[in-house]
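Inside the fold
Listed below, chain by chain, are the residues.
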Amino acid sequence: MTQDEMKKAAAIKALDYVKEGSIVGVGTGSTVNHFIDALATIKYEIEGAVSSSEESSKRLKAHGIEVFDLNNIDILDVYVDGADEITKHMSMIKGGGAALTREKIVAAVAKQFICIADDSKQVEILGKFPLPVEVIPMARSYVARELVKLGGDPEYRLGVITDNGNIILDVHNLSITDPKKLEADINAIVGVVTNGLFANRGADVLVLGGKNGVEVIK
Ligand code: 5RP
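Residues numbered from 1 in each chain as written. Predicted model: local features only at pLDDT ≥ 70, side-chain atom pairs only at ≥ 80, totals over all residues. Heavy atoms only, no water.

**A few points about helix α5 (residues 140–149)**
What α5 keeps buried is the set V143, A144, E146 and L147. With its buried residues spanning 165° around the axis, α5 presents them on a single face. Exposed positions of α5 whose direction lies more than 90 degrees from the buried face are R145 and K149. Turning to α5, the residues buried within the fold contact β7 (131–135), β8 (153–156), β9 (167–172), α6 (179–187) and β10 (192–195). Downstream of α5 by a residue or two, G151 has a phi angle that is positive, lying close to 100°. (Buried < 20%, exposed > 50% of the residue type's maximum accessible area, 1.4 Å probe, protein only. Helix = DSSP H or I, 4+ residues; strand = E, 2+ residues; numbered from the N terminus. Arc of directions from axis to C-beta. Contact = heavy atoms within 4.5 Å.)

Now the structure itself:
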């Protein structure tokens, strides 16, 4: 099985968590693209979706799946999204696709976070994947200096503007032993919109594609 086939297998398995007649929270990325394609096969059984990015909204709409404004939704049973890294404690680094802020917002509303990934994403300690931080453009240099004080090496992601009109700093060389604290500390820097640590609201279920099939970890 290739890495993409493992992603696809996990994405298809995640359909088990989609309730009939519900609105589904949908993340962003290549694994989620497989999920959206799988969701299209049961589109008449759901009411629609709430999306975490313009990219996912476009794909959902292309399949004829209605995309709702999160502000008009009271209940979201599940949010399905990928991860760049995930630990056994279900803490994640996300934001490789620069959609971290909207992802965090939709995840906050959802009752259950279903993470779909191939098994290369499982790690002991977070931080090998550079931590994305979404920043208000005028605060870029200030925030970068503050991130250096926290022990990281921030790098400006050239040519990327988020769906919210902001920039991304990718923070290298962090060994994240206390992800909940670091998530809060980075979010407390003025000018940071949010960072890609999903520890205070981690995943509830991990659907992991591997060489021998799909494993569901709770
Ligand atoms: C996007 C994300 C993605 O979930 C993460 O980057 C994983 O992507 P992929 O499924 O392509 O490996 O956080 O902002």
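**Observations regarding the side chain of E183**
With respect to the helices and strands, the residue E183 is situated in helix α6. Sequence-distant contacts of E183, that is, excluding residues within four places in its chain, are made with K104, N195, L197, F198, A199 and N200.

**Digging into the pairing of strand β6 (residues 110–118)**
Within β6, seven of the nine residues are buried, leaving the element largely enclosed by the surrounding structure. Relative to β6, strand β3 (residues 76–81) runs parallel, the two sharing five bridges. Counterpart to V78 in the pairing with β6 is Q112. As paired elements, β6 and strand β12 (residues 205–210) share five bridges and run parallel to each other. Residue pairing across strands places C115 opposite L206, the latter belonging to β12. (Pairing = 2+ DSSP bridges.)

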